[in-house]
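Report on the structure
Spelled out from the first residue to the last, the chains are:
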Amino acid sequence: DGGITQSPKYLFRKEGQNVTLSCEQNLNHDAMYWYRQDPGQGLRLIYYSQIVNDFQKGDIAEGYSVSREKKESFPLTVTSAQKNPTAFYLCASSLLRNNYGYTFGSGTRLTVV
Amino acid sequence: QQQVKQSPQSLIVQKGGISIINCAYENTAFDYFPWYQQFPGKGPALLIAIRPDVSEKKEGRFTISFNKSAKQFSLHIMDSQPGDSATYFCAAAGGGGSNYKLTFGKGTLLTVNP
């Protein structure tokens, strides 16, 4: 079945460490997105990418980095520069034309310990 | 700035009642209006969507009502059930260079009491 897979489901990070969250899709979607979700804050866009080797900052990109070396993969690195990284991170993908629906992954909960 | 304003922030409904969540948008170029349902610890899932050429779309107990002139759309959940308890997000897309990118409302936490 086609879908979008995020791993790991839970991640613990020590302060000062970088961590990378994985996102893989086999839907042949062109665009991929990373969102951060905090309680009561809704979905905030971190980065998005329309094509391989190209990506754009979203509303809260500071302290995060991404890469898009393959169409299927869009990993997110939470760097030590991110002051408050504890959150639920969601990856999504979509087509670029004629179908605006997003498919979301099941999320990664990151906790700083 | 493109915005989608969603209300209420939280909603409590008795089993069998009607749940109504409202959204308003500003960008008249928007042409796709989906609703997403999210259960705790899960990613949002597309529930139902509408395009502005129709004023209403119904799928089972879920109905979207769309008012183009008022730039508003709403989700109605008929015969609400405890299993409908979740967070609901409205969204909109269309117009501009990144016209595939959704703009989300801030979400509504729905609780259906048994």
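Residues numbered from 1 in each chain as written. Chains lettered and ligands numbered in written order. Predicted model: local features only at pLDDT ≥ 70, side-chain atom pairs only at ≥ 80, totals over all residues. Heavy atoms only, no water.

Brief notes about the state of the cysteines
Joining two cysteines, a disulfide is a covalent bond between their sulfur atoms. Heads up, the condition is: The rule for a disulfide is simple: a pair of cysteine sulfur atoms within 2.5 Å. Put simply, DSSP marks the helices as runs of H or I at least four residues long and the strands as runs of E at least two long, and each gets a number from the N terminus on. Exposure categories follow from relative accessible area, calculated using a 1.4 Å probe and restricted to protein chains: below 20% of the type maximum is buried, above 50% is exposed, and the middle band is partly exposed.
Counted under the stated rule, the structure contains two disulfides over all chains. Across the disulfide from Cys23 of chain A sits Cys91 of chain A; the S-S distance is 1.9 Å. Measuring handedness by torsion sign, the sulfur bridge of Cys23 of chain A and Cys91 of chain A sits at about -75 degrees and is left-handed. Of the two residues, Cys23 of chain A is situated in strand β3 (residues 19-25) and Cys91 of chain A in strand β9 (residues 87-94); the sequence distance between them amounts to 68 residues. Cys91 of chain A carries the same exposure label as Cys23 of chain A, and that label is buried. One disulfide in the model links Cys23 of chain B with Cys90 of chain B; its S-S distance is 1.8 Å. Its torsion about the S-S bond being -95 degrees, the disulfide of Cys23 of chain B and Cys90 of chain B is classed as left-handed. Taken together, the residues Cys23 of chain B in strand β3 (residues 19-25) and Cys90 of chain B in strand β9 (residues 86-92) connect sequence positions 67 residues apart.

Brief notes about the interface of chain A and chain B
Heads up, the condition is: Contact definition: two residues touch when any of their heavy atoms are within 4.5 Å. Two parts placed together each lose some accessible area under a 1.4 Å probe, and the buried area is that loss summed for both. By convention in these notes, a salt bridge is any Lys or Arg side-chain nitrogen within 4 Å of a carboxyl oxygen on Asp or Glu. Pairs of N or O atoms are called polar contacts if they sit within 3.5 Å, as long as, within protein, a hydrogen donor faces a hydrogen acceptor (for residues adjacent in sequence, only side-chain-to-side-chain pairs). Residues are sorted three ways: Asp, Glu, Lys and Arg are charged, Ala, Val, Leu, Ile, Met, Phe, Trp, Tyr, Cys and Pro are nonpolar, and all the rest, Gly among them, are polar.
Between chain A and chain B, the residue contacts involve 25 residues of the former and 20 residues of the latter. Across the interface of chain A and chain B, roughly 1800 Å² is buried in total on both sides, 56% from carbon and sulfur atoms. On inspection of chain A and its partner chain B, the count reaches zero salt bridges. At the surface where chain A touches chain B, the tally comes to three residue pairs in polar contact (both at pLDDT 80 or more). Grouping the constituent residues of the side of chain A that touches chain B by class yields 13 nonpolar, 10 polar and two charged.

Details of the pairing of strand β5 (residues 45-50) of chain B
Residue and element names in this part refer to chain B. Convention followed: The pairing criterion is simple: DSSP has to find at least two bridges between the two strands.
Relative to β5, strand β4 (residues 33-38) is paired through five bridges, and the arrangement is antiparallel. Each bridged residue has a counterpart across the sheet, and for Phe33 the counterpart in β5 is Ile50. Hairpin remark: β4 followed by β5, antiparallel, with six residues in the connecting loop; positive phi at Gly41, about 75 degrees.

Some details on the sheet that holds strand β8 (residues 72-77) of chain B
All names here are of chain B. Let me state the cut-off plainly: Here, axes are lines fitted to C-alpha atoms. For helices the fit covers the stretch in contact, and angles between N-to-C directions go from 0 to 180 degrees.
Taken together, the five strands give an open sheet; going across it, the order is β1-β3-β8-β7-β6, and neighbouring strands pair in antiparallel fashion. Where the open sheet ends on each side, the last strands, each with one partner, are β1 (4-7) and β6 (56-59). Between one strand and the next, the sheet's axes are offset by a mean angle of 15 degrees, whatever the strand orientation. Bridge count between β3 and β8: six bridges; the pairing is antiparallel. Bridging from a neighbouring strand, Ala24 pairs with Gln72 of β8.

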